[in-house]
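# Structural description and commentary
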Amino acid sequence: MKNQNTLWESLGRLYPHVRPIVPRLVLGLLCALGASVMALAIPQVLRVLINDTLAEGGSARTVWIASGVVLLLGVLEATFVALRRQFVITPATTVETKMRTSFYRHLQNLTVEFHDRWGSGQLLSRAMSDLNLMRRWMAFGLIMLVVTSLTVVLGVVIMFFMSWVLALIFLAAAVPLMVYGYRFRTSYSRVSRRSQDQAGDLATTVEESVHGIRVLKAFGRSREALEGFEVQAEELRQTEIHKAKSLATFSMIVTLLPELALGASLIVGVMLAASGDVSIGALVAFFATAAAVAGPVEFIGPLLAMTFTAKTAIDRHYEVMESENTITDPAAPVHLAAPRGDVVFDAVHFRYPDAQEGTGDVVDGVDLTLRAGETMALVGVTGCGKSTLLQLVPRLHDVTSGSITVDGVDVRDLTLGELRTLVAVAFEDTTLFSTSVRDNVLMGSDATGAEADRILAEALEVAQARFAYDLPEGLETLIGEEGLSLSGGQRQRLALARAIAAQPTVLVLDDPLSALDVATEERVEVGLRAVLRATTTLIVAHRPSTVALADRVALMQDGRIADVGTHSELLARNDHYRYVIASLDDEEIAQLGRTTGPTHDDEEALA
Ligand SMILES: Nc1ncnc2c1ncn2[C@@H]1O[C@H](COP(=O)(O)OP(=O)(O)OP(=O)(O)O)[C@@H](O)[C@H]1O
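Residues numbered from 1 in each chain as written. Predicted model: local features only at pLDDT ≥ 70, side-chain atom pairs only at ≥ 80, totals over all residues.

Per an unreviewed UniProt entry, the protein chain carries the name ABC transporter and comes from Arthrobacter pityocampae. Recorded in UniProt for the protein chain, the comment headed Subcellular location (unreviewed entry) runs: "Cell membrane". (UniProt positions renumbered as here; feature names shortened; annotations may be inferred.)

And the structure:
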């Protein structure tokens with residue numbers, strides 16, 4: 001989604017963030033202006049010195065005084081520059097940090113569907129480099145653009161007072177500059193947008209390959225990854241070159257045209273001085289002022305480029321900030337004072353927003369009732385929609401129709417905070433955070449002190465995660481990014497411990513024991529049975545041993561619940577269940593199922 005806002009509309013969106021620091025920005029602006037005035041005053045001292053003193057054979061004393069005034073003006077200019085920095089840098093970094101924090105907060109609130117759609121590098125580059133660009137523009141670009149423009153205007157006014165004819169010649173250069181500047185704005189904005197998007201894509205590639213480094217190495221695909229990266233990096237380099245060339249051309253024209261105009265003014269100026277229409281002092285002051293204005297004029301190119309880049313950064317920032325969060329708290333939330341844990345799926349449908357047209361719903365009319373405290377295994381061939389169904393309970397996605405209720409209350413009528421306290425989840429694909437084992441496990445618990453210690457110890461015990469005590473610093477050991485320093489089974493056990501430690505009313509487990517050996521799985525199951533007694537549990541099972549944990553089994557087929565009963569009831573009466581269980585029993589058949597699914601022949605053969 002590309003933003004079509006004008007430059008002013010985009011820059012104007014910063015105003016609410018900048019408003020609190022406007023007084024300091026104005027002070028910074030005044031200081032910058034002061035510095036420019038000091039720089040412009042120096043030629044006037046020269047004019048007075050030449051016209052009123054030297055021309056009349058003035059004394060050495062007046063030269064000393066003039067030099068002293070020039071020195072003073074120079075010191076004042078430097079002081080104003082330092083004060084400008086002092087006034088704006090700290091508040092601008094505060095604005096940047098606040099915007100970054102609200103960006104991060106918004107990312108946390110956005111739906112899983114949003115995160116499925118956006119590359120992580122695009123979000124990273126918006127959170128880091130785009131906000132950095134905005135801060136630099138705010139603290140420097142904006143002020144300098146105003147001051148530079150004012151300096152040029154003031155300088156030109158002074159030049160008019162020195163000689164209006166020469167000033168008009170100088171100003172003639174502004175007309176082609178404005179025409180070219182307009183074209184530059186359009187083309188530079190476009191290339192700047194491309195470069196920032198490509199930098200985001202490159203960051204996504206780095207993030208993915210770092211994340212998947214084991215797979216790349218194991219499959220010997222590092223070279224291909226590098227080649228892919230090089231192609232992207234080269235594209236970015238080309239865009240950067242294009243950007244730099246476009247700025248260089250603009251800067252050259254911005255520098256050259258005033259210089260040409262000055263050359264013409266010089267010829268006319270000498271003629272005017274010869275005819276006595278302009279004094280020598282005024283002529284010197286005119287050119288000294290023109291020299292003082294030339295610097296700011298040349299500076300306008302990079303400042304405009306910085307402004308267009310900031311516009312792109314603001315547009316990119318707001319593309320995320322304006323992405324709507326569709327999963328929100330209800331207007332009038334219901335509170336469950338004493339939750340029991342009855343869970344009912346009523347005609348639940350769900351389809352992913354990016355699902356192809358003409359395909360059926362992933363969850364296609366699920367009716368299922370879990371009694372409080374019951375453990376229900378969810379079984380089905382791969383891809384039939386089990387994980388998707390589970391994610392609907394804590395509202396990681398919202399049902400497209402139908403409803404899910406806990407104790408008769410629609411999950412959409414509870415606040416997200418309450419719902420996610422009631423429902424804890426452990427996924428097969430575990431995510432751990434770069435913090436201590438303790439913080440990872442207690443993530444869903446509000447307990448503190450001795451109570452937290454007790455819950456932690458119990459959860460680690462049930463999840464067979466006692467290995468955590470033997471880590472170098474025990475439970476305080478910092479686990480690496482995404483827990484990559486741990487084995488798959490260890491990570492799963494910590495994720496399971498985290499779900500248990502949350503002490504939920506409803507526990508949703510997506511095949512949380514898949515990476516464990518059979519003996520460890522058995523021990524975990526014994527512990528879980530004790531814990532699950534008080535908790536309603538929906539557990540996706542890919543192994544018969546996990547099914548054995550359940551009071552009842554729900555068989556999912558093509559997005560619907562095809563049958564519900566105990567394991568032995570389903571074995572006795574349901575061909576498809578026998579097929580699924582047989583394939584669960586055998587990893588190889590399960591793998592086959594992953595790619596082909598059951599056929600009628602398969603089912604007959606197994607029956
Ligand atoms: N984020 C997503 N966007 C679009 N489609 C998705 C998404 N996640 C899953 N799907 C599709 O939804 C269908 C069901 O996937 P789901 O993960 O729920 O199946 P599953 O029964 O849990 O499979 P498995 O046993 O292999 O974990 C699949 O066809 C899958 O391709």
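Moving on, there is more to tell.
A word on the overall build of the protein chain. The number of helices and strands found in the protein chain is 22 helices and ten strands. Relative to its length of 607 residues, the protein chain is extended, with a C-alpha radius of gyration of 35 Å against a globular reference of 25 Å. Each of the three principal axes of the protein chain carries a C-alpha extent, and together these read 120 × 55 × 50 Å. By the burial criterion, 35% of the 607 residues in the protein chain qualify as buried. For the protein chain, the proportion of contacts with a sequence separation of at least 24, taken over those separated by at least 6, is 80%. (Helix = DSSP H or I, 4+ residues; strand = E, 2+ residues; numbered from the N terminus. Rg over C-alpha atoms; globule rule 2.2 N^0.38 Å. Buried ≥ 20, exposed ≤ 12 C-beta atoms within 10 Å, placed from the backbone. Contact = placed C-beta atoms within 7 Å.)

The residues that UniProt annotates with the feature "transmembrane region" (unreviewed entry) are residues 21-42, 62-83, 137-158, 164-184, 247-274 and 280-306. Within the segment residues 137-158, helix and strand shares are 100% and 0% respectively, and the terminal C-alpha atoms sit 29 Å apart. Helix makes up 100% of residues 247-274 and strand 0%, whereas the separation of the span's terminal C-alpha atoms amounts to 41 Å.

Attention now moves to helix H8 (residues 174-211). Taking 1.5 Å of rise per residue, 38 residues should cover 56 Å, and H8 covers 53 Å from first to last C-alpha, within 8% of that figure. For H8, the set of buried residues is Phe184, Tyr188, Val191, Ser192, Arg193, Ser195, Gln196, Gly200 and Ala203. Contact partners of the buried residues in H8: helix H6 (120-162), helix H10 (222-274) and helix H11 (280-321). (Expected span 1.5 Å × (residues − 1).)

Sheet strands line up and pair through hydrogen bonds in the backbone, either parallel or antiparallel. Pairing is antiparallel across the open sheet formed by four strands, whose spatial order is S2-S1-S4-S5. For this open sheet the edge positions go to strand S2 (363-370) and strand S5 (409-410), each flanked by a neighbour on one side alone. The pairing of strand S1 (residues 343-350) with strand S4 (residues 401-406) spans five bridges and is antiparallel. Residue pairing for S4: His349 is matched across the bridge by Ser401. (Pairing = 2+ DSSP bridges.)

Glancing now at the site of the ligand. Around the ligand, a shell composed of Asp116, Tyr352, Asp354, Val362, Gly380, Thr382, Gly383, Cys384, Gly385, Lys386, Ser387 and Thr388 is seen. At three residues, helix H12 (residues 386-392) tops the list of elements feeding residues into the shell around the ligand. Its residues assigned to classes, the shell around the ligand shows three nonpolar, six polar and three charged. (Near = placed C-beta within 6 Å. Nonpolar A, V, L, I, M, F, W, Y, C, P; charged D, E, K, R; others polar.)

Partitioning the protein chain into structural domains gives domain 1 (7-321) and domain 2 (343-433 + 503-573). Centre-to-centre, using C-alpha coordinates, domain 1 lies 57 Å away from domain 2. (Domains from an automatic or database assignment.)

So, on to the environment of Val215. Note that Val215 resides in helix H9 (residues 213-218). According to the C-beta neighbour criterion, Val215 is exposed, with 11 such atoms within 10 Å. Here the alpha-carbon distance between Val215 and Pro394, two residues 179 residues apart in the chain, equals 31 Å.

Attention shifts here to the sheet that holds strand S7 (residues 506-510). Judged by pairing direction, the sheet is mixed, and its six strands sit side by side in the order S6-S7-S8-S3-S9-S10 without closing on themselves. One side of each edge strand has no neighbouring strand; the edge strands of this open sheet are strand S6 (423-426) and strand S10 (560-565). On average, each strand axis in the sheet is inclined to that of its neighbour by 20°, with strand direction left out of account. Sheet topology places S6 next to S7; four bridges connect them, and they run parallel. Looking across to S7, one finds that Val425 is bridged to Val508. Helix H16 (residues 488-501) rests against S6 and S7 of the sheet, and its axis sits at about 175° to S6. (Axes fitted to C-alpha atoms, helices over the stretch in contact; angles between N-to-C directions.)

If you look at the biggest cluster of nonpolar residues, it comprises 77 residues, and the most contacted ones within it are Ala377, Leu378, Ala497 and Ala499. With seven residues, the single largest contributor to this core is H16. Apart from residues lying up to four places away in sequence, Ala497 is in contact with Val441, Ala459, Leu460, Ala463 and Ala465. Core analysis: the second largest hydrophobic core is formed by 59 residues, Leu40, Ile169, Val254 and Ala261 among them. (Core = buried A, V, L, I, M, F, W, Y, C linked by C-beta atoms within 7 Å.)

Counting along an α-helix, one turn takes 3.6 residues, and residues three or four places apart therefore face a common direction. In this model helix H15 (residues 449-462) runs 20 Å from its N-terminal to its C-terminal C-alpha over 14 residues, within 8% of the 20 Å that 1.5 Å per residue would give. Within H15, the full set of buried residues consists of Leu456, Ala459, Leu460 and Val462. Burial along H15 is one-sided: seen end-on, the buried residues are contained in an arc of 165°. With respect to the buried face of H15, the exposed residues turned more than 90 degrees away are Ala450, Glu451 and Arg454. Looking at the packing, one finds that the buried side of H15 touches helix H14 (437-441), H16 and helix H17 (518-532). Looking one or two residues past H15, Gln464 carries a phi angle of roughly 55°, positive in sign. (Arc of directions from axis to C-beta.)

Across the interface, H8 lies against H10 with an axial gap of 9 Å and an inter-helix angle of 160°. One finds that H8 runs roughly antiparallel with respect to H10. Remark: the crossing between H8 and H10 carries left-handed chirality. Here the residues of the contact of H8 with H10 are counted per class, giving 17 nonpolar, eleven polar and five charged. (Parallel < 35°, antiparallel > 145°, perpendicular 65-115°, else oblique. Left-handed = near helix turned anticlockwise from the far one by under 90°.)

Below, the discussion takes up the packing of H8 against H11. For the pair H8 and H11, interaxial distance at closest approach is 9 Å and the crossing angle is 50°. Here H8 lies oblique to H11, going by the angle between them. H8 and H11 meet at a crossing whose hand is right-handed. Residues Arg185, Tyr188, Ser189, Ser192, Arg193 and Gln196 of H8 touch H11, and the partners they reach there are Ala305, Phe308, Thr309, Lys311, Thr312, Ala313 and Arg316. Its residues assigned to classes, the contact of H8 with H11 comprises four nonpolar, five polar and four charged.

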